[in-house]
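Residue-level structural notes
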Amino acid sequence: MDKPAWLIKNGIRLDGRTPGDVRPMKMIAGFLDKADGSCYIECGKTKVVVGVHGPREVHPKHEMQDTKALVRCTYNMESFSVDSERRRPGLDRRSTEISKVSAQALEAAILVERFPKTAIDIFMEVIQADASTRVTALTAASVALADAGIPMKDMVTAVSFGKLYGENGEEVVAVDMDKPEDNFGLADCAVAYMPNIDQFTLMQMDGNLKIDEMRAGMAMAKKACREIYEMQKAAIKRRYE
Ligand code: CDP
């Protein structure tokens, strides 16, 4: 991918979005037959399938927790999801890290005390990656958990934001990074947020942001999450129509 001359010009990004716009999104709750809960999601060209099993018996037994459910996540980026020279099949450090932070971001919402000695397993398969895969997977995971009937304090909604350089040397904060923006942007952050109870459950950053840029980004991310939240609710409603 060649470095573009700029990522934003007169307030418009390379793909025509304004800084506050998320890419077109599509969510299908109950996408899989065999999982207890599932969701297929598209965010622009990023495509993820999430399947949830549980609450169910814990294997291996020694991982069982007496007072709450064990929430486990497996994030996997299929080798066909990215340019072939960049991704070997199987687990790597990046997917191990994303699996761990995703489990924490979702556990914060799940009423885990109601299901002691059980496991809730969340499998996230990235089938096409065009950046922001971890946040897209988290948004879908919440829908899949709701589809599985797992009670939550609120739904976790997730989005990325970052800083783009403009034609005249300006630096602009924007939400939902796509691939060129992720590659050539000045910073990118992943956040997960529970809109109803106004709590963040994940915050990760690559690059540098000044404190006022961080504040602006968090405010934009909250607004975007509220929009995504409506799409999550609509996807769950469609499932039962
Ligand atoms: O996907 P996300 O933004 O959550 O994570 P990232 O580590 O910042 O990766 C950004 C993007 O780089 C991914 O969405 C993929 O499009 C791409 N990538 C890749 O092509 N090959 C990898 N091994 C890892 C990431």
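The structure reproduced in this document is the subject of the present report. If you're wondering where the values come from, they're calculated on a predicted model, not measured in any experiment.

This part is about the overall build of the protein. Helix and strand counts for the protein come out as four helices and eleven strands. Taken against the 2.2 N^0.38 rule, which gives 18 Å for 241 residues, the C-alpha radius of gyration of the protein at 18 Å falls within 12% of a compact globule. Principal axes of the C-alpha set define a box for the protein whose edges measure 60 × 40 × 35 Å. Out of the 241 residues in the protein, the part that is buried amounts to 52%. At a minimum sequence separation of 6, the contacts of the protein that also span at least 24 residues come to 68%. If you sum the accessible surface of the protein, you get close to 11700 Å²; carbon and sulfur atoms cover 51% of it. Of the side chains in the protein, 34 bear a positive and 36 a negative charge, and the two mean positions are spaced by 2 Å.

Turning our eyes to something else, we now look at the environment of Pro 89. Topologically, Pro 89 is positioned in the loop between strand E6 (70-77) and helix H1 (93-107). Exposure remark for Pro 89: the relative accessible area of 66% places this residue in the exposed category. Linking Pro 89 and Met 77, residues twelve residues apart in sequence, is a C-alpha distance of 8.0 Å.

As a further point, take the site of the ligand. Surrounding the ligand, one finds twelve residues, the nearest of these being Arg 94, Ala 131, Ser 132, Thr 133 and Arg 134. One nitrogen or oxygen atom from the main chain of Ala 129 is found 3.5 Å from an oxygen atom belonging to the ligand. One nitrogen or oxygen atom from the side chain of Thr 133 is found 2.5 Å from an oxygen atom belonging to the ligand. When the ligand sits alone it has 510 Å² of accessible area, and the protein chains cover 87% of it. In this structure the site holding the ligand corresponds to the largest pocket. Broken down by secondary-structure element, the contributors of at least two residues to the shell around the ligand are helix H2 (133-147) and helix H3 (179-184). When grouped by side-chain class, the residues that make up the shell around the ligand number four nonpolar, two polar and six charged.

Among the nonpolar cores identified, the biggest contains 63 residues, and Val 50, Val 52, Leu 106, Ile 122, Met 124, Leu 145 and Phe 161 are the most heavily contacted of them. Contacts of Leu 145, omitting those with residues within four sequence positions, involve Val 52, Leu 106, Ile 110, Ile 120, Ile 122, Ile 150 and Met 152.

Next up on the list: the packing of H1 against H2. Relative to each other, H1 and H2 sit at 45°, their axes nearing to 11 Å. Judged on the interaxial angle alone, H2 and H1 are oblique. The element H1 and its partner H2 pack so that their crossing is right-handed. Residues Arg 94, Glu 97, Ile 98, Ser 102, Ala 105 and Leu 106 of H1 form the contact with H2, whose participating residues are Thr 133, Arg 134, Leu 138, Ala 141, Ser 142 and Leu 145. Classifying every residue of the contact of H1 with H2 by side-chain character gives six nonpolar, three polar and three charged.

Per the stated rule, a full pass over the model turns up one cavity of 30 Å³ or more. When its volume is computed, the largest cavity comes out at roughly 50 Å³. Along the walls of the largest cavity sit Met 25, Cys 43, Ser 132, Val 135, Thr 136, Thr 139, Ala 158, Val 159, Ser 160, Asp 176 and Ile 228, which together make up its complete lining. Grouping the amino acids of the lining of the largest cavity by side-chain chemistry returns six nonpolar, four polar and one charged.

Rules behind the numbers
Each chain has its residues counted from 1, following the order in which its sequence is written. Residue-level local features of this predicted model are given only where pLDDT is at least 70; pairs of side-chain atoms are given and counted only at 80 or more, and the full residue set underlies all totals for whole chains, interfaces and linings. Side-chain calculation: all heavy atoms of the structure are included, whereas hydrogens and water are not. Secondary structure elements follow DSSP: runs of H or I no shorter than four residues count as helices, runs of E no shorter than two count as strands, and numbering proceeds from the N terminus. Atoms considered for the radius of gyration are the C-alpha atoms alone. The globule rule reads 2.2 Å times the number of residues to the power 0.38. The rule is simple: take the accessible area with a 1.4 Å probe, protein chains only, and divide by the maximum for that residue type; under 20% is buried, over 50% is exposed, in between is partly exposed. Should any heavy atoms of two residues lie within 4.5 Å, those residues are considered in contact. Method for areas: the Shrake-Rupley scheme with a 1.4 Å probe, in which residue coverage is limited to the protein chains shown. For the purpose of charge, His is not counted, nor are the chain termini; Lys and Arg are scored as positive and Asp and Glu as negative. Where a charge sits is defined by one atom per residue type, namely NZ (Lys), CZ (Arg), CG (Asp) or CD (Glu). The cutoff for a nearby residue is simple: one of its non-hydrogen atoms must lie within 4 Å of the molecule or strand. The term polar contact refers here to a pair of N or O atoms within 3.5 Å; inside protein, the definition further demands a hydrogen-donor-capable atom paired with an acceptor-capable atom, and it admits residues adjacent in sequence only when both atoms are side-chain atoms. The rule is simple: put a 1 Å grid over the protein atoms alone, call a set of points where a 1.4 Å probe fits but cannot get out a cavity, call an open set with protein on both sides within 12 Å along at least five of seven lines a pocket, and count a residue as lining if it has an atom within 4 Å of a point. Put plainly, a molecule is in a cavity or pocket when over half of its atoms are within 2 Å of the grid points there. In the scheme used here, Gly and all other residues not listed as nonpolar or charged are polar, with Ala, Val, Leu, Ile, Met, Phe, Trp, Tyr, Cys and Pro taken as nonpolar and Asp, Glu, Lys and Arg as charged. Throughout, nonpolar core names a set of buried Ala, Val, Leu, Ile, Met, Phe, Trp, Tyr and Cys residues whose side chains join them through atoms within 4.5 Å. Between N-to-C directions, angles span 0 to 180 degrees; the directions come from axes that are lines fitted to C-alpha atoms, helices contributing only their stretch in contact. The labels follow the angle: roughly parallel below 35 degrees, roughly antiparallel above 145, roughly perpendicular from 65 to 115, and oblique for the rest. Left-handed describes a crossing whose near helix is turned anticlockwise from the far helix through less than a right angle; right-handed describes the clockwise counterpart. Grid points are joined across faces, edges and corners, and a volume is the space filled by probe spheres set on the points.

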